[in-house]
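Residue-level listing of the chains:
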Amino acid sequence: MESYDRRGFLIRIWRWAGGLVAAAGAWTTWDVLRANGAGAGARVRTVAPDEVPSVGVLEVREMKGYLTRQDGEVVALWWKCPHLGCKVPWCDSSGQFECPCHGSVFNRIGEYRRGPAPRGMDSYAVAVENGELVVDTGEVTLGDPPGNETLDEPTTGPECLGSEGG
Ligand code: FES
C-alpha cells in the first residue's frame, strides 16, 4: 500500500514536471517567432535616407521591420508575416524574405513569391523629416495579392528555409 502511494506520487511529480517543460518550450517558441505586436502606431525615427541599401535590407528593430529601396524610393516593410503573424527574417544568401513558420517567401520589397500567405508583406508610410526617415507604424498599407511581383530580382543563392522551402 505504501509503495503504491509512493508510485502514484512519483507519477504525479513526473507529469507535473513534463507539463512544466512543455509550457516552457511553448513559451520559448512563441517568444522567438511572434511578430512582436502589431504596428503600434508610433512614429519611429530611423536613419538618413542615404543609409538605406538598394541591395539587401536594413533591419530596424524599433519599427519592427526593414528598410530597402525600389527605383530609388525608400520602402519600409513590417516584418509581420501576412499569413499568421510570425516575424519574417531576411535571408542573406537567397536575397529574399523567408518565413520560418509555414514557408511563405517574399522578394526584397516584400512582394509575394510563394507559400500560404494571402498577400505580400505590409508596408509603413515613411517620410523625411530633418534629414531622417520617420516611419509611421500606424499607417500600414497591405501587400499586393499573389501574382503581382514587379521586382526583377532572382534569388542570389541557397534559401535559408532549405530546398523545399517549407
Ligand atoms: S506565418 Fe509566415 S508562412 Fe505562416
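Bear in mind the structure is a predicted one, so any value in this text is a computation, not a measurement. Residues take numbers from 1 onward in each chain, read along the sequence in its written order. Local features in a predicted model are, by the rule used here, given only for residues with pLDDT of at least 70; side-chain atom pairs are given and counted only at 80 or more, and totals for whole chains, interfaces and linings are based on all residues. Only hydrogens and water are removed before side-chain values are computed, so all heavy atoms of the structure are retained for them.

(A) Layout of the overall build of the protein. Numbering of helices and strands runs from the N terminus; a helix is a DSSP stretch of H or I covering at least four residues, while a strand is a stretch of E covering at least two. Of regular secondary structure, the protein possesses one helix and 10 strands. Shown N-terminal to C-terminal, the secondary structure of the protein runs as helices and strands in the order α-β-β-β-β-β-β-β-β-β-β. Relative accessibility thresholds used throughout: buried, under 20% of the residue-type maximum; exposed, over 50%; partly exposed, between the two (1.4 Å probe, protein chains only). Put simply, the protein has 166 residues, and 36% of those count as buried. Nonlocal contacts in the protein, meaning residues at least 24 apart in sequence, comprise 55% of its contacts between residues at least 6 apart. For the accessible areas, the method is Shrake-Rupley and the probe is 1.4 Å, while residue cover comes only from the protein chains on display. Summed over its atoms, the accessible surface of the protein is roughly 9,800 Å², and 55% of this surface lies on carbon and sulfur atoms. We call two residues in contact whenever any of their non-hydrogen atoms come within 4.5 Å of each other.

(B) Local environment of the nonpolar core. Residues grouped as a nonpolar core are buried Ala, Val, Leu, Ile, Met, Phe, Trp, Tyr and Cys residues, joined through side-chain atoms within 4.5 Å. Counting 29 residues, the largest nonpolar core has M63, Y66, L67, V88, F97, F106 and M121 as its most contacted members. Those elements that place two or more of their residues in this core are β3 (65-70), β4 (73-78) and β10 (132-141). Among the elements that take part in this core, β4 stands out by supplying five residues, more than any other. Once residues lying within four places of it in the same chain are set aside, the contact partners of M121 are Y66, L77, W78, W79, P82, V88, F97, F106, G110 and G143.

(C) View of the sheet that holds strand β8 (residues 112-114). In spatial order, the strands read β5-β6-β7-β8; together these four strands make up an open sheet with antiparallel pairing. Two strands close off the open sheet at either side, each with one partner strand: β5 (90-91) and β8. Sheet topology places strand β7 (residues 105-106) next to β8; two bridges connect them, and they run antiparallel. Within the sheet, the bridge partner assigned to V105 lies in β8 and is R114. When DSSP finds two or more bridges between a pair of strands, those strands are recorded as paired.

(D) Layout of the sheet that holds β4. Taken in spatial order, the six strands line up as β1-β10-β9-β4-β3-β2 in an open sheet, and their pairing is antiparallel. The sheet is open, and its two edges are formed by β1 (43-45) and β2 (58-60), each paired on a single side. Going across the sheet, the axis of each strand differs from the next one's by a mean of 35°, ignoring polarity. Direction of pairing for β4 relative to strand β9 (residues 123-129): antiparallel, over a ladder of two bridges. Bridging across to β9, A76 finds its partner in Y124. Lines fitted to C-alpha atoms define the axes, with helix axes restricted to the stretch in contact, and inter-axis angles between N-to-C directions lie between 0 and 180 degrees.

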